[in-house]
Amino acid sequence: MLTLAANRLRSVAQITPDLALRRCGKVHSCDGSLIEVSGLAPPIGALCEVVRRDAAEPISAEVIGFRGGHSLMMMLSDPVLLSPGDLVRSEGRPGDVGVGDAFLGRAVDALGQPLDGGKIPRPNAHWPLAGKRESALERAPVDQPFDCGVRAVNALNTMGQGQRIGIIAGSGVGKSVLLDMIAQRSEYDVAVVAMIGERAREVSDFVARHMQGDGAKRIAIIAVPADHAPTLRLRGAQFATSLAEYFRAQGKRVLLLCDSLTRIAHAARETALLLGEPGAARGYPPSALAAITKLVERAGNARSSGGAITGIYTVLADGNDQDDPVVDTARAIMDGHIVLSRDLAQRGHFPAIDIPASLSRVMDAVSSPEHRDNARWLRSLIATYEENRDLLLMGAYREGSDPQMDAAIAMQTGISAFLAQPKELAAPLHDSITSLHELRHGQT
């Protein structure tokens, strides 16, 4: 007992007390989750603590703007027991976030607090939350293939290391399942998973599946469920990207999985509307769509370190609308997109990838001429069959009318078997390319 007490005293003696004077402000007004604070002028993006009179624990808030000499802050938790005149003090390093190997094998929230019941991760470095702006020439070209473990993607929409690609679909079509397959089957040094605005049950299930065995030591999960404050959701996505940038600066191949980009845009929209920014495209203020561009552009290859961030983002098409502003913005800024089809999902075909509508803009740079030729051949057959499927079901198509359609009908069973893949089965890149070659060779 005396030894334990002596050890505690030695650890306390090593702590340097913070005796510096700290400026505090006061809560001036509150409108829902938005508060105005007087007497304190922290920069935008800074974290603050609000000390409530009748509560034991302070609550966090993030500075999102200023107006009339007052700082505007968004509460990161429930403002219950908040009172006029409560003290507000600035915390941490404004604009920076702690990063490091301590987050590997851990599941944390947007503030770096553990969700897995473990100790608080101790970062060994700091990184700007908004990223480090780099020259466009600092980005190395995408010239190495990326093995995602999904046959339909590897063979027909081959990805490259450092590519940014979106998985676009409506609700309940299989975005999260496909993302889960990629997380399990891909080749990478470090994976950073951002689960933003999703159901808490999905977060729990994902952690249970992936935080097992030696592979868990290469994965960091940042999760902010749907019931959290919009600034916290947006901060979670930025924190995950900052963590990925830190590992890329060390020369590592990083896989950044973000589910979902649409929820991030919703969070940015809520924040912008609170600040009085007018809605533009279907209610999205310009800054909300700009937040998507800024986030996605931070992924890619780094010429100086040799590292790469391969970014895979899910995009929810509200109401299956492929012209939704978020979908349109994401499709324009990314290096490709994988579109999931509800019709294929209803037929029991998984992953429900709409091959003709999907595209990888870097496939020509990371694949051989023979591979590209085989992919074009198969994409052509799939497109021809889908265009004439209604005629075939009605019995209005006569064999011999179109040689391309005849070939598509003859190959349909083999094509469906090639594109379908159980989520427990891995399909490496080399095997996918070989299977595609064998599929065509058998047809000819």
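Only a predicted model underlies this, so the values are computations on that prediction, with no experimental measurement involved.

Cut-off values and rules
- Residues numbered from 1 in each chain as written.
- Predicted model: local features only at pLDDT ≥ 70, side-chain atom pairs only at ≥ 80, totals over all residues.
- Heavy atoms only, no water.
- Phe/Tyr/Trp six-rings, centres within 6.5 Å; stacked < 30°, edge-to-face > 60°.
- Helix = DSSP H or I, 4+ residues; strand = E, 2+ residues; numbered from the N terminus.
- Buried < 20%, exposed > 50% of the residue type's maximum accessible area, 1.4 Å probe, protein only.
- Lys NZ or Arg CZ within 6 Å of the ring centre and 35° of its normal.
- Expected span 1.5 Å × (residues − 1).
- Arc of directions from axis to C-beta.
- Contact = heavy atoms within 4.5 Å.
- Pairing = 2+ DSSP bridges.
- Axes fitted to C-alpha atoms, helices over the stretch in contact; angles between N-to-C directions.

S.K.: Honestly, the packing of aromatic side chains in this entry has me stumped. Any pointers?
M.R.: Evaluated as defined, the whole model comprises 3 aromatic pairs. A centroid spacing of 5.5 Å and a plane angle of 80° characterise the contact between phenylalanine 103 and phenylalanine 239, whose relative ring orientation is edge-to-face. With a gap of 136 residues between them, phenylalanine 103 in the loop between β7 (96-99) and β8 (106-108) and phenylalanine 239 in helix α5 (residues 230-249) connect regions that are remote in the sequence. Taking the relative accessible area as the measure of exposure, phenylalanine 103 reaches 4% and is therefore buried. An angle of 65° between the planes, with centres 5.3 Å apart, marks the rings of tyrosine 246 and phenylalanine 247 as edge-to-face. Here phenylalanine 247 falls in the buried class, since its relative accessible area comes to 0%. Ring pairing ties together the aromatic residues Trp127, Tyr246 and Phe247, which thus form one cluster. The positively charged end of lysine 132 is found above the aromatic ring belonging to tryptophan 127, 3.9 Å away from the centroid. Directly above the ring of phenylalanine 418 sits arginine 151, whose terminal nitrogen or CZ lies 5.9 Å from the centroid.

S.K.: Explain helix α7 (residues 286-297) here, please?
M.R.: Structural remark: α-helix, 3.6 residues per turn; residues separated by three or four positions point the same way. In this model α7 runs 17 Å from its N-terminal to its C-terminal C-alpha over 12 residues, within 8% of the 16 Å that 1.5 Å per residue would give. Those residues of α7 lying buried are Ala288, Leu289, Ile292, Leu295 and Val296. Projected down its long axis, α7 carries its buried residues within an arc of 120°, all on one side. Across α7 from its buried face, at more than 90 degrees, point the exposed residues Pro286 and Lys294. Those residues of α7 that are buried are in contact with β12 (164-169), α5, α6 (261-274), β17 (308-316) and α8 (325-333).

S.K.: It is not clear to me how the sheet that holds strand β3 (residues 47-51) should be interpreted in this structure. Could you clarify?
M.R.: Hydrogen bonding along the main chain pairs the strands of a sheet, whether they run parallel or antiparallel. One closed barrel accounts for 6 strands, arranged β1-β2-β5-β4-β3-β6; its pairing is antiparallel. Strand-to-strand twist across the sheet, computed as the mean angle between neighbouring axes with direction ignored, equals 45°. Judged from the 5 bridges that link them, strand β1 (residues 24-31) and strand β2 (residues 34-38) form a sheet pairing that is antiparallel. Among the inter-strand pairings, lysine 26 is bridged to a residue of β2, identified as serine 38.

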